[in-house]
Amino acid sequence: MRLLITGSNGLLGQKLVDYCKFEKIDFLATSLGSNRNSKCSNRQYQSLDITNVNEVNQVLTNFRPTHIINTAALTNVDQCEDNNGKCHKINVLGVVNLLEYAKTNKCHLQQISTDFIFDGEKGDYTENDEPNPISEYGKSKLIAEEKIRTSGYKNYSIVRTSVVYGSGENLSKSNIVLWAIEELKRGNTLNIVNDQYRAPTFAQDLAVGCMKILLLNETGLFNMSGPKTHSMFEFVVEIAEYLEISNTQVNSITTDMLNQKAPRPKNSGLNLTKSKQVLNYSSSDIKSALFLMEVDF
Ligand SMILES: NC(=O)c1ccc[n+]([C@@H]2O[C@H](COP(=O)([O-])OP(=O)(O)OC[C@H]3O[C@@H](n4cnc5c(N)ncnc54)[C@H](OP(=O)(O)O)[C@@H]3O)[C@@H](O)[C@H]2O)c1
């Protein structure tokens, strides 16, 4: 296997780099900026803007990957709502550029997608449920999925995940768990929504799941999230409990008090039956994940 990773400076990208190094898989890490991951040598890194078709063709032709995992995206949901053009350029055009290369050169394309392709009215979504995104971010990720699914090319996989968390190096954006730990330890009170239900995903588990698809030569659509769908308020209370910090520091609020730019699905829980059966996918609950992250606190 020769694996090309996009978005390698991001949280999932960094965990995929860790996996490849540990398992001695031949990889090229790429991301928009310069390499910010000290665990990835500059020899194994190249800057790549996935929206630039010439760059995509040049870098991929030089490396000749057998597999591509595209983690690169504009992941800030409110920024996507504000800048629809930029959102679609990265989240759709970038994917089409990689898809065209994969089709022509017969390599596997894995696209990372999101629970935000659903409207959140049902919850416990299987891979067969009908998407209905309510934000520009969700729409852009669904269009990218459809470009792949309707292309006629069968050697692809799509992984839908939810609220990815974990520690990383020089991340361009924090995540709910790192932010909550920092604020709770500072003694600050956190306002957390009690009416958005998610199954937050430990980034290491997700990286292992993504790689399992490639190693087992699987194709198609897979849900991969944490094991339990709960309100974000309940989730952050569990973090406070693990840190032995009073949960009076976690204040329960409703979504309409937040004034978020982009609408959020109410319950975007993902059903994991297929991933468990086909991939033996397993995911950590928040307390086990915090234990594993502890060295990084
Ligand atoms: N984070 C979540 O809660 C969540 C939930 C559901 C689904 N997902 C999906 O999971 C995937 C990984 O998420 P993540 O949290 O690891 O993302 P992330 O930490 O935000 O990283 C995304 C990376 O994409 C890179 N990037 C942005 N524009 C690019 C471009 N034009 N060309 C190449 N690279 C570009 C950035 O690179 P630089 O840092 O080098 O600028 C960034 O490091 C994404 O596809 C996301 O949509 C994430």
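Everything numeric here is computed off the predicted structure, so don't read it as measured data.

Definitions and limits used
Residues numbered from 1 in each chain as written. Predicted model: local features only at pLDDT ≥ 70, side-chain atom pairs only at ≥ 80, totals over all residues. Heavy atoms only, no water. Buried < 20%, exposed > 50% of the residue type's maximum accessible area, 1.4 Å probe, protein only. Helix = DSSP H or I, 4+ residues; strand = E, 2+ residues; numbered from the N terminus. Pairing = 2+ DSSP bridges. Near = heavy atom within 4 Å. Polar contact = N/O pair within 3.5 Å; in protein donor to acceptor, adjacent residues only side chain to side chain. Areas by Shrake-Rupley, 256 points an atom, 1.4 Å probe, with all protein chains shown as cover. Nonpolar A, V, L, I, M, F, W, Y, C, P; charged D, E, K, R; others polar.

Peer 1: Explain the pairing of strand E4 (residues 67-70) to me, and be specific about the residues and the numbers.
Peer 2: Residues His67 and Ile69 point to one face of E4 and Ile68 and Asn70 to the other, with burial holding for every one of them. As paired elements, strand E1 (residues 2-6) and E4 share four bridges and run parallel to each other. The residue of E4 that forms the bridge with Thr6 is Asn70. For E4 and strand E5 (residues 108-114), the ladder comprises four bridges, and the chain directions are parallel. Looking across to E5, one finds that His67 is bridged to His108.

Peer 1: Residue-level account of the site of the ligand, with values.
Peer 2: By nearness alone, 28 residues border the ligand, and Leu12, Arg36, Thr75, Tyr137 and Val164 come closest of all. Here Gly33 contributes a backbone N or O atom positioned 2.9 Å from an oxygen atom of the ligand. Leu48 places a main-chain nitrogen or oxygen 3.4 Å from a nitrogen atom of the ligand. Look at the ligand: alone it shows 900 Å² of surface, and the protein chains cover 91% of it. Residue assignment for the shell around the ligand shows that the elements contributing at least two residues are helix H1 (11-23), E5 and helix H5 (136-149). The dominant element in the shell around the ligand, judged by the number of residues it contributes, is E5, at three residues. Counted by class, the shell around the ligand contains twelve nonpolar, twelve polar and four charged residues.

Geometry only, nothing functional implied.
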